[in-house]
Amino acid sequence: MYTIVRYPETKNNSLKPWSAADELLLERVNEQNLSGKNIVVFNDRFGYLSVNLNSFEPWIITGYRSQEKALERNFKINGLDIEPGHIIRLPEPPPGKIDIALIRIPKSIELFRLFLYLTHEKSDENTEVICSFMTKYFSPQILKTAELFFEYVEQSKAKKKARLLILKNPKELKTEIKLTEQVTWKNITLKQYSGVFSSSRIDFATRFLLENFRVNVNEKRILDLAAGNGIIGYYILKEYKKQNLPQPELHLLDDSVLAVKSAEMNLPSKCFFHYNDTLEDLKENYFDLIITNPPFHFEHEINTEISINLFKESFAKLKPGGRFVLVFNRHLAGKYKPVLKALFQKITLVADSPKYMILECRKQK
Ligand SMILES: C[S@@+](CC[C@H](N)C(=O)[O-])C[C@H]1O[C@@H](n2cnc3c(N)ncnc32)[C@H](O)[C@@H]1O
């Protein structure tokens, strides 16, 4: 029996480090003779599958820095080492032919499509793909997407409200599968990898933020926090250019590797791109402006602890007199405002709508 913990830690006891869908996957894969098999694991959030299968040296496909930290932590507390080179970051494909792929189906169907694309590329008639999901999250799109890539698509019976989807026999792909998409808003067109936040359109909260945000000539060091495809940073650079202001030093940070790679496609290479789930690598008292549409859920979980930690870290990284600007859904005001009030000396409501609020928080000079 291994110990598996969550990273980041949570005070919410209802949030668990694995689910019945993970257990069902493991049960099914353990029925097989795994020795010498090339096993690939997708979307193993905290490492339950990878730790339990460690003796078979699986390839672990990661999409988040927080996931990588969770894996490192869980291998370590169980006295194990991750096989060197066996962490593969999206959208890199796993090496070699796949015998068994294990996929925890993500919330984003676009991300599931990317997982299946990478798996399909390395599959043959002997490959088995075992996917799992909690039945409450089933959507017909899951089956449709699986059928794009595999001839054989079969669902198992439900157990503890979880189900498996078994895929075999890779199809010959008739149409080109695109791994990136374009999103357009006003006269801005950005590229992003499948599965990055708000696929196919710029998020409504972000639009509201940008429609109400004013640049400040004196702000020279800016952080677009939880940057996604980099839309906020992109917009700010455009505004500086429009007003003939010298270009600021722009940093963009996101926990998702596909988000950071998308931002890299959209912004000039002289920007600073950070693949991280915390601000630990950034300097204290450094930024004039930190701006964000912060995350408040991860996959199907709602968790404001993550955004609240980012607020606290932002305060430390702002210069005295610097400002923290954020947009959020009104229903989160009760959770966010007390934390912000405890940190910042002055808080101004920039704009609000029936759905969203924008606050500007000043750090004391
Ligand atoms: C609401 S989206 C905003 C994305 C983008 N700024 C926009 O406006 O379209 C939040 C982003 O936070 C990222 N994220 C989640 N947890 C994070 C963390 N701990 N640190 C940094 N980014 C995180 C997600 O990957 C996602 O891209």
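Rules used throughout
- Residues numbered from 1 in each chain as written.
- Predicted model: local features only at pLDDT ≥ 70, side-chain atom pairs only at ≥ 80, totals over all residues.
- Heavy atoms only, no water.
- Helix = DSSP H or I, 4+ residues; strand = E, 2+ residues; numbered from the N terminus.
- Expected span 1.5 Å × (residues − 1).
- Buried < 20%, exposed > 50% of the residue type's maximum accessible area, 1.4 Å probe, protein only.
- Contact = heavy atoms within 4.5 Å.
- Pairing = 2+ DSSP bridges.
- Axes fitted to C-alpha atoms, helices over the stretch in contact; angles between N-to-C directions.
- Near = heavy atom within 4 Å.
- Polar contact = N/O pair within 3.5 Å; in protein donor to acceptor, adjacent residues only side chain to side chain.
- Areas by Shrake-Rupley, 256 points an atom, 1.4 Å probe, with all protein chains shown as cover.
- Nonpolar A, V, L, I, M, F, W, Y, C, P; charged D, E, K, R; others polar.
- 1 Å grid on protein atoms, 1.4 Å probe; cavity = no way out; pocket = protein on both sides within 12 Å on 5 of 7 lines; lining within 4 Å.
- Points joined across faces, edges and corners; volume = space filled by probe spheres on them.
- Core = buried A, V, L, I, M, F, W, Y, C linked by side-chain atoms within 4.5 Å.
- Domains from an automatic or database assignment.
- Lys, Arg positive; Asp, Glu negative; His and termini not counted.
- Salt bridge = Lys/Arg side-chain N within 4 Å of Asp/Glu carboxyl O.

Draft legend 1. Molecular detail of helix H7 (residues 231–242). In a regular helix each residue adds 1.5 Å, so 12 residues correspond to 16 Å; H7 covers 16 Å between its end C-alpha atoms and thus fits that length. Listing the buried residues of H7 in full gives Ile231, Ile232, Gly233, Tyr235, Ile236, Leu237, Glu239 and Tyr240. On the buried face of H7, the contacting elements are strand S8 (180–185), strand S9 (188–193), helix H6 (204–212), strand S10 (221–225), strand S11 (249–254) and strand S13 (287–292). Downstream of H7 by one or two residues, Asn244 has phi in the positive range, about 55 degrees.

Draft legend 2. Spatial organisation of the sheet that holds S10. Pairing is mixed in the open sheet, where seven strands are placed in the order S12-S11-S10-S13-S16-S18-S17. Two strands close off the open sheet at either side, each with one partner strand: strand S12 (272–275) and strand S17 (346–352). Pairs of neighbouring strands in the sheet enclose a mean axial angle of 15 degrees, with direction left out of account. Pairing geometry for S17 and strand S18 (residues 356–362), over six bridges, is antiparallel. Of the residues in S18, the one forming a bridge with Lys346 is Arg362. Taken strand by strand, helix H10 (residues 333–343) contacts strand S16 (318–329), S17 and S18, and its axis lies near 175 degrees from that of S16.

Draft legend 3. Fine view of the site of the ligand. Around the ligand there are 18 residues in total, and Thr206, Ala226, Asp254, Asp255 and Asp277 lie nearest to it. At 3.3 Å, a backbone N or O of Ala227 approaches a nitrogen atom of the ligand. Residue Asp277 places a main-chain N or O atom 3.0 Å away from a nitrogen atom belonging to the ligand. The protein chains hide 92% of the 590 Å² of surface that the ligand would expose on its own. Looking at the shell around the ligand residue by residue, the classes come out as 10 nonpolar, five polar and three charged.

Draft legend 4. Region of interest: empty space enclosed by the protein. Per the counting criterion, the structure on display carries one cavity of 30 Å³ or more. Around the largest cavity, the lining residues are Asn43, Ile61, Thr62, Gly63, Tyr64, Gln67, Leu90, Leu111 and Phe115. Looking at the lining of the largest cavity, the elements that each hand over two or more residues are strand S2 (59–62) and helix H4 (109–121).

Draft legend 5. Local environment of the sheet that holds strand S3 (residues 87–89). Taken in spatial order, the seven strands of this open sheet run S3-S2-S1-S4-S5-S7-S6, and their pairing is mixed. A strand with exactly one partner marks an edge of an open sheet, and here the two such strands are S3 and strand S6 (150–155). Between one strand and the next, the sheet's axes are offset by a mean angle of 20 degrees, whatever the strand orientation. The strands touched by helix H1 (residues 20–30) within the sheet are strand S4 (100–104), strand S5 (128–134) and strand S7 (162–170), with S5 carrying the most contacts at an inclination of about 155 degrees.

Draft legend 6. Structural view of the nonpolar core. Of all hydrophobic cores here, the largest spans 36 residues; its most connected members are Leu90 and Leu116. Where this core is concerned, the elements lending two or more residues are strand S1 (39–42), S2, S4, H4, S5, helix H5 (140–149), S7 and helix H8 (257–266). A total of seven residues in this core trace back to one element, the largest contributor, which is H4. A domain split of this core shows at least three residues from each of domain 1 (20–170) and domain 2 (180–362).

Draft legend 7. Local environment of H1. Along H1, the residues that are buried comprise Ala20, Ala21, Asp22, Leu24, Leu25, Leu26 and Val29. Where H1 is buried, its residues contact helix H2 (48–52), S4, S5 and S7.

Draft legend 8. Here's a closer look at the side chain of Asp203. In this fold, Asp203 is placed in the loop between S9 and H6. Buried charge without a salt bridge: Asp203, with Arg201 as the nearest opposite-charge side chain at an N-O distance of 4.3 Å. Side chain to side chain, Asp203 and Asn293 meet in a polar contact 2.9 Å long. When neighbours within four sequence positions are excluded, Asp203 is seen to be in contact with Phe197, Ser198 and Asn293.

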